[in-house]
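# Survey of secondary and tertiary structure
These are the residues of each chain, in order.
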Amino acid sequence: MNKDHLARQPNPVDLHVGMRIRARRKSLGLSQDKLAMALGLTVQQVQKYERGANRISASKLYEAARILGVPIPFFFEGLPVLVDDDAAHSAGQGLGDAFTRFMATQGALELAELFPRISNAKIRRHVVGMCKAMADVGDQNAKVA
C-alpha cells in the first residue's frame, strides 16, 4: 500500500473516537442534528467526526464529553496501543482495528445491539456464516471489477 493511499484513510484513532461519539450519541437517543446544535457545528461536521474523516479538536471533544455525559477517557477506551505510525495505518491487524472498522460502518451499532439478543447459538452461527458468505461474494465482485 503506498503512502498516498494511507494519507486518504482516516487515522485509526480518529475512527475510534468518532465511533465512540456515535455510539454514545445513539445510546442517548440524541440525533446528529441535536448534537451539532449543542456543539455549535453543522450536521455534516458531526458526521465527519463520527466517520473519522475529520479530527475533533480538544475543545470540541471536551464539550462533546460534557454534552454526552461521559469523561474524556471514554472516547479512548478500547483503543489498541499503537507502537508507531506504520502500526497506526496497518488496516486489518488485531481485534481492536476490526472492531473500530466495524463500528464505523452504517448499521453496526444496531447489529451489535441485536446480535446478543439472538438466544439460539445455532442461529447466531448461521448469521455469522451468512455474513462471511456475503463478504466473500463482495470480495469476488471487487476482484472482477
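Scoring rules and cut-offs
- Residues numbered from 1 in each chain as written.
- Predicted model: local features only at pLDDT ≥ 70, side-chain atom pairs only at ≥ 80, totals over all residues.
- Heavy atoms only, no water.
- Helix = DSSP H or I, 4+ residues; strand = E, 2+ residues; numbered from the N terminus.
- Buried < 20%, exposed > 50% of the residue type's maximum accessible area, 1.4 Å probe, protein only.
- Areas by Shrake-Rupley, 256 points an atom, 1.4 Å probe, with all protein chains shown as cover.
- Salt bridge = Lys/Arg side-chain N within 4 Å of Asp/Glu carboxyl O.
- Phe/Tyr/Trp six-rings, centres within 6.5 Å; stacked < 30°, edge-to-face > 60°.
- Lys NZ or Arg CZ within 6 Å of the ring centre and 35° of its normal.

Looking only at helices and strands, the protein chain features nine helices and zero strands. If you list the helices and strands of the protein chain from N to C, you get α-α-α-α-α-α-α-α-α. Within the protein chain, buried positions represent 25% of all 145 residues. When the accessible area of the protein chain is evaluated, it comes to approximately 9700 Å², of which 57% is carbon and sulfur surface.

Here the focus is the pattern of salt bridges. All told, the structure shown has four salt bridges when counted by the stated rule. The partner of Arg 55 in a salt bridge is Asp 14, with the nearest N and O atoms 2.8 Å apart. In this pair, Arg 55 sits in the loop between helix H4 (43-51) and helix H5 (58-68) while Asp 14 sits in helix H2 (residues 12-27), placing the two residues 41 residues apart along the sequence. Assessed through its relative accessible area of 15%, Asp 14 is described here as buried. Note that Arg 66 and Glu 63 form a salt bridge whose closest N and O atoms lie 2.4 Å from each other. Here the residue Arg 66 and the residue Glu 63 both occupy positions in helix H5, the gap between them amounting to three residues, near one helical turn.

With that settled, the discussion passes to the packing of aromatic side chains. Inspection of the entire model under this criterion finds one aromatic pair. Judged by centre distance (5.5 Å) and plane angle (80°), the rings of Phe 74 and Phe 75 are edge-to-face. Pair check on accessibility: Phe 74 and Phe 75 agree, each one buried. For Arg 20, the ring lying beneath its charged end belongs to Phe 74, and the centroid distance is 3.9 Å.

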